[in-house]
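Summary of the model geometry
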Amino acid sequence: MFEGKLYSSGVKVFDEDQAEQIHEEYYYGKFLDNGDLHLSPSEAMHLVDREEILIEKNGDELSRDELYDEFEAIDEEFGYKYPVYSDLRERGLIVKSGFKFGSHFRVYERGVNPYTDGKKQQSQHTKYVVHAVPENHTMSFQEMSRAVRLAQNIRASMLWGVVDSEEGVTYYEVEHTSL
């Protein structure tokens with residue numbers, strides 16, 4: 001069982017061997033400059049739900065519900081980001097932050113190593129850029145077009161993961177075409 005500690009922006013794993021295994025074998029987290037592994041709230045919660053990690057705060061182990069509440073306090077979008085993240089992971093996809101693409105997640109197919117250095121083959125590129133939204137979310141056509149164009153610039157498909165009131169996820173893809 002892995003061990004992590006809750007911090008202001010997520011969870012840190014300090015044990016070097018555990019951090020290496022979580023990152024290199026399961027493709028979770030990002031190494032910080034000091035060598036600690038940082039897990040986003042969605043990554044940490046998914047590992048908790050899979051009973052892979054115990055997380056503590058101030059020396060006390062947090063229950064799943066306590067941790068969920070902590071993550072909602074850290075990230076106001078957590079309630080709809082996490083169901084999308086979890087659904088993608090449970091489908092066997094590799095999910096990383098999509099922040100630099102203006103979305104919540106970038107997604108790789110099964111079997112791809114997202115940490116490959118050098119020139120990547122087409123099959124190693126991000127397959128999807130995914131943005132999670134609640135079912136009552138509205139957006140302008142300009143916002144939608146901007147997201148689609150950003151995804152197409154990296155040869156990915158833009159998906160919106162729409163989360164309903166029961167945390168069910170439906171994906172919608174919008175493509176940009178020219179006439």
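These lines cover the structure that appears in this document, whether it is placed above or below. Everything numeric in this text was worked out from a predicted model, so none of it was measured.

Moving on: the sheet that holds strand S8 (residues 105-108). Taken in spatial order, the five strands make up an open sheet running S7-S8-S9-S10-S11, and their pairing is mixed. Since the sheet does not close on itself, it has two edges, and those belong to strand S7 (94-97) and strand S11 (169-173), each with one partner. Taking the axes of each pair of neighbouring strands and ignoring which way they run, one obtains an average angle of 30° across the sheet. In terms of strand pairing, strand S9 (residues 128-134) meets strand S10 (residues 157-163) through seven bridges, oriented parallel. Counted as the bridge partner of His-131 is Trp-160 from S10.

One open sheet holds the six strands; their spatial order is S3-S4-S2-S1-S5-S6, and the pairing between them is mixed. At either end of the open sheet lies a strand with only one pairing partner, and these are strand S3 (30-31) and strand S6 (60-61). Judged from the three bridges that link them, strand S1 (residues 2-7) and strand S2 (residues 10-13) form a sheet pairing that is antiparallel. Looking at the pairing, Leu-6 lines up with Val-11 of S2.

As a further point, take the nonpolar core. By size, the foremost hydrophobic cluster in this structure holds 34 residues, and its most contacted members are Leu-39 and Ile-55. With six residues, the top contributor of residues to this core is helix H4 (residues 78-90). Apart from the residues lying within four places of it in its own chain, the contact partners of Ile-55 are Gly-4, Lys-5, Leu-6, Val-11, Ala-44, Val-48, Asp-60, Glu-61, Leu-62 and Leu-67. Judged by nonpolar contacts, the second largest core, of ten residues, contains Val-133, Ala-147, Ala-156 and Val-162.

Conventions used here
- Residues numbered from 1 in each chain as written.
- Predicted model: local features only at pLDDT ≥ 70, side-chain atom pairs only at ≥ 80, totals over all residues.
- Heavy atoms only, no water.
- Pairing = 2+ DSSP bridges.
- Helix = DSSP H or I, 4+ residues; strand = E, 2+ residues; numbered from the N terminus.
- Axes fitted to C-alpha atoms, helices over the stretch in contact; angles between N-to-C directions.
- Core = buried A, V, L, I, M, F, W, Y, C linked by side-chain atoms within 4.5 Å.
- Buried < 20%, exposed > 50% of the residue type's maximum accessible area, 1.4 Å probe, protein only.
- Contact = heavy atoms within 4.5 Å.

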